[in-house]
Amino acid sequence: MSDIAENIVFKKDSGEELDINQKYVGLKTRQNGIMTVNFRCPEEEMNNVKSFFEGFRASEPIKFDIGETGNIECYFKGVSPLLEKNDGVGPHYFFLSVTLQELKEYEEEPQTGGCCF
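Residues numbered from 1 in each chain as written. Predicted model: local features only at pLDDT ≥ 70, side-chain atom pairs only at ≥ 80, totals over all residues. Heavy atoms only, no water.

Q: Would you explain the packing of aromatic side chains in this entry?
A: For any pair of aromatic rings, geometry is given as the distance between the ring centres together with the angle between the planes. Using the criterion set out here, one finds nine aromatic pairs in the structure. On the basis of an interplanar angle of 55° and a centroid distance of 5.6 Å, the ring pair of phenylalanine 10 and phenylalanine 39 is categorised as tilted. Of this pair, phenylalanine 10 sits in strand S1 (residues 7-12) while phenylalanine 39 sits in strand S4 (residues 34-41); the two residues are 29 residues apart in sequence, bridging distant segments of the chain. The residues phenylalanine 10 and phenylalanine 39 share a single accessibility class, namely buried. With a centroid separation of 6.5 Å and 20° between ring planes, the pair formed by phenylalanine 53 and phenylalanine 76 is classed as stacked. Highlighted residues: phenylalanine 53 in helix H1 (residues 43-53) and phenylalanine 76 in strand S6 (residues 71-79), separated in sequence by 23 residues. Judged by relative accessible area, phenylalanine 53 falls into the buried class, the value being 4%. Grouping aromatic residues by their ring pairs yields a cluster made of Phe10, Phe39, Phe52, Phe53, Phe56, Phe64 and Phe76. Positioned over the ring face of phenylalanine 52 is lysine 12, at 4.9 Å from the centre of the ring. The ring of tyrosine 93 is capped by arginine 40, whose NZ or CZ atom sits 3.7 Å from the centre of that ring. (Phe/Tyr/Trp six-rings, centres within 6.5 Å; stacked < 30°, edge-to-face > 60°. Helix = DSSP H or I, 4+ residues; strand = E, 2+ residues; numbered from the N terminus. Buried < 20%, exposed > 50% of the residue type's maximum accessible area, 1.4 Å probe, protein only. Lys NZ or Arg CZ within 6 Å of the ring centre and 35° of its normal.)

Q: Looking at this structure, I do not really get the environment of lysine 63. What am I missing?
A: Counting through the fold element by element, lysine 63 comes out in strand S5 (residues 61-66). Residues lysine 63 and valine 9 lie 54 residues apart in sequence; the distance between their C-alpha atoms is 8.2 Å. Leave out the neighbours within four places in its chain, and lysine 63 touches Val9, Phe10, Lys11, Asn71, Ile72 and Glu73. (Contact = heavy atoms within 4.5 Å.)

Q: How should H1 be read in this particular structure?
A: For an α-helix, the turn length of 3.6 residues means that residues three or four places apart are oriented alike. Of the residues making up H1, those classed as buried are Met46, Val49, Phe52 and Phe53. Buried residues along H1 cover an arc of 125° about the axis, so they all sit on one side. At the exit of H1 stands glycine 55, carrying a positive phi of roughly 85°. (Arc of directions from axis to C-beta.)

Q: Quick question: what am I supposed to make of the nonpolar core here?
A: General note: in soluble globular proteins, nonpolar side chains tend to be found buried as a group. Among the nonpolar cores identified, the biggest contains 23 residues, and Phe10, Phe39, Val49, Phe53, Ile62 and Leu100 are the most heavily contacted of them. Among the elements of the structure, S1, strand S2 (17-21), S4, H1, S5, S6 and strand S8 (93-102) are those that each provide at least two residues to this core. Sequence-distant contacts of phenylalanine 10, that is, excluding residues within four places in its chain, are made with Glu16, Glu17, Leu18, Ile20, Val37, Phe39, Phe52, Phe53, Ile62, Lys63 and Phe64. (Core = buried A, V, L, I, M, F, W, Y, C linked by side-chain atoms within 4.5 Å.)

See below:
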């Protein structure tokens, strides 16, 4: 049995949270800390996802925790249009993609020049 919980929790600074089962979420990482979070879920779950991400502003902070392993801090970058899918094989589902940029800790450059007291 795994010690990692089944859900991913997205958190706004306001305290609002979106708690969703990992089976509905795909995560792709790209260069420069850019991440694409893909949600593929039934309408009821998608309504919660859409409601949570509506109104986010570019560069607004957001955290997410995969299976209670610790918060990953990011900035919101954007959201795709909502797509309705029916591949003819499985049940009807909805698809939404959210782009985030991971917050990176950079070492500060030493200060040179100037006068200090």
